[in-house]
Amino acid sequence: METRKIGSLEVPVVGLGCNNFGWRIDAKATSAVVDAALELGVNFFDTADVYGTGQSEEYLGRALGPRREQVVIASKFGMRMDDERKGARPEYVRQACEDSLRRVNTDRIDLYQLHTPDASVPIADTLGAMNDLVREGKVREIGCSNFSADQLREAADAAPADSARFVSVQNQYSLFHRDPESSGVLAECERQNLAFLPYFPLANGLLTGKYRRRQPVPKGSRADAGFGPKVFTDENLAAVEKLLAFCDSRGHSILELAFCWLLSRAVVASVIAGARSPEQIRSNAKAANWKLSDDELQQVDNILSNR
């Protein structure tokens, strides 16, 4: 599988988002997904302390066991765990990291990300605490999530020349959510040489092909559970039908389109879609081989602009 860079880290262009672990699947199912991922060369795992209230990290560490050295682990902190464990205060940065290291059962986190900006704490203070973790070898690289272009610039300006800086930003991005383009985040990533990691790359499942216009949603799916209700609109489902026809005419799936459209952006380092079964991670791993032409990219834009 092709690899790209996140700072000094080399990761496959298809990663595994671990938000399902500890929430939608148990430890046994997590191990099956992790085993399948590693068999396919998907060795980039993105988790967070809030996923499954810590169980995602625990289940991931348990599933990896002695294979820890074969993988790149990304985790996040800053979203509310409880009244005490939240935010980006320097003292909490260290506590959150130590807690994640313990849960994953590892001596380091390869990419440690501030999950969301904290307006109550100067970004320089947070960066200073994250830099200490890098210097101590507990973290290899640092990144952020849900940052605007202005916040990325502020963070770059606040980091001393000899200290760790953000090497990545993880924001929502997909064919149906183009805000990183219009907001200037992608342009800022290019300017600063930051890797971009899209979350919800499949638009909450809209781009898997299992949701069709005027058909009932699959039982047990995100839509069936009421997750992301604003996505499954008649307008979006009509656009999906056009995208399906576009893909069918070229011998590809809409899942392939979702991955390869994102990877056509050089700034995107890895598409970290979630998976609840070995079958899903196998489908994801196979979805990154379509090299879209400029003409095909324009046709896709035309379909979506006419929604």
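Per chain, residue numbering runs from 1 following the sequence as it is written. Since the coordinates come from a predicted model, pLDDT governs what is reported: local features require at least 70, and pairs of side-chain atoms require 80 or more to be given and counted, while whole-chain, interface and lining totals use all residues. Excluded from the side-chain calculations are hydrogens and water; all other atoms, namely the structure's heavy atoms, are used.

S.K.: Could you give an account of the overall build of the protein chain, with specific residues and numbers?
M.R.: Under the DSSP-based scheme used, a helix requires at least four consecutive residues in state H or I and a strand at least two consecutive residues in state E, with every element numbered from the N terminus. From N to C terminus, the protein chain includes 11 helices and 10 strands. Every radius of gyration here is taken over C-alpha atoms, with the globule rule written as 2.2 Å times N^0.38, N being the number of residues. Here the protein chain has a C-alpha radius of gyration of 19 Å; the compact-globule value for 307 residues is 19 Å, and the two agree. The dimensions of the protein chain, computed from C-alpha atoms along their principal axes, are 55 × 40 × 35 Å. Residue burial is assigned from relative accessible area. The probe radius is 1.4 Å, only protein chains are included, and a residue is buried under 20% of its type maximum, exposed over 50%, and partly exposed in between. Relative to its full complement of 307 residues, the protein chain shows a buried share of 54%. We call two residues contacting when some pair of their heavy atoms lies within 4.5 Å. Of all intrachain contacts in the protein chain linking residues separated by at least 6 positions in sequence, the fraction that spans at least 24 positions is 78%. Each accessible area value is a Shrake-Rupley result obtained with a 1.4 Å probe; residue values ignore everything except the protein chains displayed when judging cover. Taken as a whole, the protein chain presents about 13,300 Å² of accessible surface, with 46% of it coming from carbon and sulfur. Under this rule, positive means Lys or Arg and negative means Asp or Glu; His and the chain ends count for nothing. Here the site of a charge means NZ on Lys, CZ on Arg, CG on Asp, or CD on Glu. Here the protein chain carries 38 positive and 42 negative side-chain charges, and the mean point of each set is 5 Å from the other.

S.K.: So what about the pattern of salt bridges? Which residues, and what values?
M.R.: For this document, the term salt bridge refers to a Lys or Arg side-chain nitrogen within 4 Å of an Asp or Glu carboxyl oxygen. Summed over the entire model, instances satisfying the criterion amount to 25 salt bridges. Among the salt bridges present, the one from E181 reaches R178, with a minimum N-O distance of 2.8 Å. Here R178 falls in the partly exposed class, since its relative accessible area comes to 23%. Between R178 and D301 there is a salt bridge whose closest N-O contact spans 2.9 Å. Pair noted here: R178 is in the loop between strand 8 (166-172) and helix 6 (179-182) and D301 is in helix 11 (residues 294-305), with a separation of 123 residues, a long-range link.

S.K.: Tell me about the pairing of strand 7 (residues 139-145), and please be specific about residues and values.
M.R.: Most of strand 7 sits inside the fold, with six of its seven residues counted as buried. Strand pairing is defined by DSSP finding a minimum of two bridges between the two strands. Where strand 6 (residues 109-114) lies against strand 7, five bridges are found, and the strand directions are parallel. If you follow L114 over to strand 7, its bridge partner there is C144. Here the term right-handed applies to a crossover when the path leading from its first strand over the helix to its second strand runs clockwise, the strands being oriented away from the viewer. Note on the crossover from strand 6 through helix 4 (residues 123-135) to strand 7: the handedness is right-handed. Pairing between strand 7 and strand 8: three bridges, direction parallel. Bridge pairing in strand 8 links I142 to F166. A crossover links strand 7 with its parallel partner strand 8, the connecting element being helix 5 (residues 149-158), and its sense is right-handed.

S.K.: For the sheet that holds strand 8, give the residues involved together with the corresponding values.
M.R.: Across the sheet, eight strands lie side by side as 9-8-7-6-5-4-3-10; this open sheet has parallel pairing. Because the sheet does not close on itself, it has two edges, and the strands there are strand 9 (195-199) and strand 10 (271-274). With strand direction ignored, the average angle separating the axes of adjacent strands in the sheet is 30°. Sheet topology note: the strand 3 (residues 14-17)/strand 4 (residues 44-46) ladder contains two bridges and is parallel. Across the sheet, G17 pairs through a bridge with D46, a residue of strand 4. Orientation is described by lines fitted to C-alpha atoms, with helices fitted over the stretch in contact, and by angles between N-to-C directions that extend from 0 to 180 degrees. Along the sheet face, helix 3 (residues 90-104) touches strand 5 (72-77), strand 6 and strand 7 and points at about 135° away from the line of strand 6.

S.K.: So, the packing of helix 3 against helix 4: which residues are in play, and what are the values?
M.R.: Running from amino to carboxyl end, helix 3 crosses helix 4 at an angle of 35°, the nearest separation of the two axes being 8 Å. Considering only the axes of helix 3 and helix 4, their crossing is right-handed. Listed contacts from helix 4 to P90, V93, R94 and C97 of helix 3 are D125, T126, A129, M130, D132 and L133. A per-class count over the contact of helix 3 with helix 4 returns six nonpolar, one polar and three charged. Should the near helix be turned anticlockwise from the far one by less than a right angle, the crossing is termed left-handed; should it be turned clockwise, right-handed. Basically, the charged four are Asp, Glu, Lys and Arg, the nonpolar ten are Ala, Val, Leu, Ile, Met, Phe, Trp, Tyr, Cys and Pro, and anything else, Gly included, counts as polar.

S.K.: I'd like to hear about the packing of aromatic side chains, residue by residue, with values.
M.R.: In summary, the pairing rule links any two rings of Phe, Tyr or Trp, Trp by its six-membered ring, whose centres are within 6.5 Å, and it sorts them by plane angle into stacked for under 30 degrees, edge-to-face for over 60 and tilted for everything else. Following the criterion strictly, the structure yields six aromatic pairs and no others. Between the aromatic rings of F77 and Y112, the centroid separation amounts to 4.9 Å while the plane-to-plane angle is 25°, which identifies the pairing as stacked. Of this pair, F77 sits in strand 5 while Y112 sits in strand 6, and the two are 35 residues apart along the sequence. Residues F77 and Y112 agree in their burial class; the two are buried.

S.K.: Pulling in residues and values, what's your account of helix 10 (residues 278-285)?
M.R.: If you check which residues of helix 10 are buried, you get P278, I281, N284 and A285. Each buried residue of helix 10 lies within a common arc of 125° when the element is viewed along its axis, so the set occupies one face. Check the buried side of helix 10 and you find it contacts strand 3, helix 1 (27-39), helix 9 (254-263) and strand 10. The directions considered for the arc run from the helix axis to the C-beta atoms.

S.K.: I'd love a proper account of the side chain of S163, names of residues and values included.
M.R.: Tracing the sequence through the fold places S163 in the loop between helix 5 and strand 8. Of the residues examined, S163 reaches a relative accessible area of 16% and is grouped as buried. A polar side-chain atom of S163 sits 3.0 Å from the main-chain carbonyl oxygen of P160. Distance and chemistry together define a polar contact, namely a pair of N or O atoms within 3.5 Å, with one atom able to donate a hydrogen and the other to accept it when in protein, and with adjacent residues in sequence counting only for side-chain atoms on both sides.

S.K.: Can you explain empty space enclosed by the protein? Please cite residues and give values.
M.R.: Cavities and pockets are defined on a 1 Å grid built over the protein atoms alone: a cavity is a set of grid points where a 1.4 Å probe fits but cannot escape, while a pocket is an open set with protein on both sides within 12 Å along at least five of seven lines, and lining residues are those with an atom within 4 Å of any such point. Grid points are joined across faces, edges and corners, and a volume is the space filled by probe spheres set on the points. Overall, the coordinates contain one cavity of 30 Å³ or more when judged by the stated rule. Of the pockets and cavities examined, the largest cavity occupies roughly 40 Å³. Taken together, G61, L64, G65, R68, I73, V104, N105 and T106 form the lining of the largest cavity.

Shape is all these values report; function is a separate question.
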